[in-house]
Each structure stands twice: as structure tokens, then as C-alpha cells.
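Below are the chains, spelled out letter by letter.
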Amino acid sequence: MKAGEELPPLEIAVTRTLIVAGAVASRDYQDVHHDAEAAREKGSPDIFMNILTTNGLVGRYVTDSLGPEVRLRAVRIRLGAPNYPGDTMVLRGTVTEADEAAGTAEVRVVGTNGIGHHVTGTVRVGPAASDGPVAAREGSV
């Protein structure tokens, strides 16, 4: 990883299944993420992706691009244009900082869809822990 390096873009089809499955997997049962009629009643043209699904997709994009030797250390994102079913989100990333000796880097990520920027943010990565898997937080499943 070197500062200025661009990650290959990733196209993600935004399907109803992805939106609903992401909401259910993250235990976000807000009706705007699974009930089109309720979403329309609240002013949205359709259901839309929740931030937790977007956060997971951003993390996946960075780790898939940089390889198994890195782990996510921090993900900071901001949502913009909603991801609606039938659209495509394209994630792009650029390494903004890199410390080869430490194995750390920061990646600027932008995800766009047909109506604009869906997500912008930064992801900080570091080396994979050499002492085994990261311990689960107390109370996590």
C-alpha cells in the first residue's frame, strides 16, 4: 500500500433482497428498510438501505481489496443519497496515508449510485493480529 494508490472499483447491485437481508442481519427492523408502502407513507419512493449494511459493504470492499493481511481498525462514514432497489452502488477507494513499516493505512472511500454519493468516509486498517482472532465483545452474538 502506498499513498495515492487507487483500489479497483466494486459494483454492487442494490436489490430488495440485499436491503432487507442487511436490515434483518443488523437487527434494524425499521419499516422503511423492508416495507415499500410504509416507506412511501414516510416520503420515500421505496425501501432503502440502512447505514449498517453500507458500513459492512465499505469494510468488505477495503479488506477484499487490500487482502487478508489487514484488519479494519476504524470505519468512519457519512450517508448521502439513499440506495434504492434497482440501482447499482460503485465503491471506489484511494489510499491517503500509508506506513509500510507499521502495516497501517487510511483509505478514502466513496460510494456512488444513480442519484449521487451514497457514502463517503475513511477506513483505517492495520496488520492482522498475530495472536489469533479478535475476541468477541461481551454480550455479542
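Residues numbered from 1 in each chain as written. Predicted model: local features only at pLDDT ≥ 70, side-chain atom pairs only at ≥ 80, totals over all residues. Heavy atoms only, no water.

A. View of the pairing of strand S4 (residues 104-113). Sheet analysis places strand S3 (residues 87-99) next to S4, joined by nine bridges and oriented antiparallel. Looking across to S4, one finds that threonine 94 is bridged to arginine 108. What sits between S3 and S4 in their antiparallel hairpin is a turn of four residues, with glycine 103 showing a positive phi close to 75°. Relative to strand S5 (residues 116-127), S4 is paired through nine bridges, and the arrangement is antiparallel. Bridge pairing in S5 places arginine 108 opposite threonine 122. The turn linking S4 back onto S5 is made up of two residues. (Pairing = 2+ DSSP bridges. Helix = DSSP H or I, 4+ residues; strand = E, 2+ residues; numbered from the N terminus.)

B. Layout of the sheet that holds S5. Strand order across the open sheet formed by five strands is S1-S3-S4-S5-S2, with antiparallel pairing between neighbours. With partners counted over all chains shown, the strands left at the sheet margins are strand S1 (6-14) and strand S2 (70-79), one partner each. Sheet twist, expressed as the average angle between the axes of neighbouring strands with direction ignored, equals 20°. Of the pairings in the sheet, the one linking S2 to S5 comprises nine bridges and is antiparallel in character. From the neighbouring strand, alanine 74 faces S5, where its bridge partner is arginine 124. Sheet strands in contact with helix H3 (residues 51-66) are S1, S2, S3, S4 and S5, and its direction is about 140° off that of S2. (Axes fitted to C-alpha atoms, helices over the stretch in contact; angles between N-to-C directions. Contact = heavy atoms within 4.5 Å.)

C. Quick peek at the pattern of salt bridges. Tallied over the entire structure, the rule returns six salt bridges. A salt bridge links arginine 124 to glutamate 97; the nearest nitrogen and oxygen atoms lie 2.9 Å apart. Pair noted here: arginine 124 is in strand S5 and glutamate 97 is in strand S3, with a separation of 27 residues, a long-range link. A residue is classified by how much of its surface remains accessible, and arginine 124, at 27% relative accessible area, is partly exposed. Judged by relative accessible area, glutamate 97 falls into the partly exposed class, the value being 41%. Counted as one network, the salt bridges with shared partners bring together Glu97, Glu106 and Arg124. (Salt bridge = Lys/Arg side-chain N within 4 Å of Asp/Glu carboxyl O. Buried < 20%, exposed > 50% of the residue type's maximum accessible area, 1.4 Å probe, protein only.)

D. Examining helix H1 (residues 16-25) more closely. Along H1, the positions that sit buried rather than exposed are Ile19, Gly22 and Ala23. Each buried residue of H1 lies within a common arc of 95° when the element is viewed along its axis, so the set occupies one face. Among the exposed residues of H1, those oriented more than 90 degrees off its buried face are Thr17 and Ala25. If you follow the buried residues of H1, they end up packed against S1 and H3. Arginine 27 occupies a position one or two residues after H1 and carries a positive phi of about 60°. (Arc of directions from axis to C-beta.)

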